[in-house]
Amino acid sequence: MNKTATVQMTQQQLDGLMATLPEGARVTRTDDQIIVTARSNRTGELVNPIVATRTADRGWTVTAPFGLIRAK
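Not measured: the values here are computed from a predicted model.

(A) Inspection of the pairing of strand β2 (residues 26–29) at higher detail. Pairing of β2 with strand β3 (residues 33–37) involves four bridges; the strand directions are antiparallel. Paired with Val-27 across the strands is Val-36, a residue of β3. Hairpin connection from β2 to β3: three residues lie between these consecutive antiparallel strands.

In structure tokens:
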């Protein structure tokens, strides 16, 4: 099973993450949730989805494959 990480993000941070998605990623959006499914650039296998849920303070809680989200 692949490991995942969950972090809080601002809209700007989420926009940066979305800009790094591989070509062909499938993005499903609603007003308060974004789900991204994609294949690994290295192996071509389907990876755990990225799930972003809007928080009450208009930020985002993002769960993504471990290593995709880096602390800065």
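(B) Representation of the pairing of strand β4 (residues 50–54) within the structure. Taken together, the four bridges between β3 and β4 define a ladder with antiparallel strand orientation. The residue bridging Gln-33 from the neighbouring strand is Thr-53, located in β4. Here β4 runs beside strand β5 (residues 60–65); their pairing, made up of four bridges, is antiparallel. By the bridge assignment, Ala-52 is partnered in β5 with Val-62.

(C) Representation of the sheet that holds β4 within the structure. A sheet is described by the order of its strands in space; here five strands give the open sequence β1-β5-β4-β3-β2, paired in antiparallel fashion. Because the sheet does not close on itself, it has two edges, and the strands there are β1 (4–9) and β2. Put simply, the sheet's adjacent strands are angled 15 degrees from each other on average, direction ignored. Strands in contact with helix α1 (residues 11–19) are β1, β2, β3, β4 and β5; relative to β1, the strand with the most contacts, it is inclined by about 135 degrees.

(D) Fine view of α1. Within the span of α1, buried status applies to Leu-14, Leu-17 and Met-18. Down the axis of α1, the sector holding all buried residues measures 100 degrees, keeping them to one side. Turned more than 90 degrees away from the buried face of α1, the exposed residues are Gln-12 and Ala-19.

(E) Expanded view of the nonpolar core. Ranked by internal contacts, the top residues of the largest apolar core, which has 13 residues, are Leu-14, Ile-34, Ile-50 and Val-62. Among the secondary structure elements, those contributing two or more residues to this core are α1, β3, β4 and β5. What Ile-50 contacts, discounting residues up to four positions off in sequence, is Leu-17, Leu-21, Ile-34, Ile-35, Val-36, Val-62, Thr-63, Ala-64, Pro-65 and Leu-68.

Reading the values: rules and limits
- Residues numbered from 1 in each chain as written.
- Predicted model: local features only at pLDDT ≥ 70, side-chain atom pairs only at ≥ 80, totals over all residues.
- Heavy atoms only, no water.
- Pairing = 2+ DSSP bridges.
- Helix = DSSP H or I, 4+ residues; strand = E, 2+ residues; numbered from the N terminus.
- Axes fitted to C-alpha atoms, helices over the stretch in contact; angles between N-to-C directions.
- Contact = heavy atoms within 4.5 Å.
- Buried < 20%, exposed > 50% of the residue type's maximum accessible area, 1.4 Å probe, protein only.
- Arc of directions from axis to C-beta.
- Core = buried A, V, L, I, M, F, W, Y, C linked by side-chain atoms within 4.5 Å.

These figures come from the coordinates and say nothing about function on their own.
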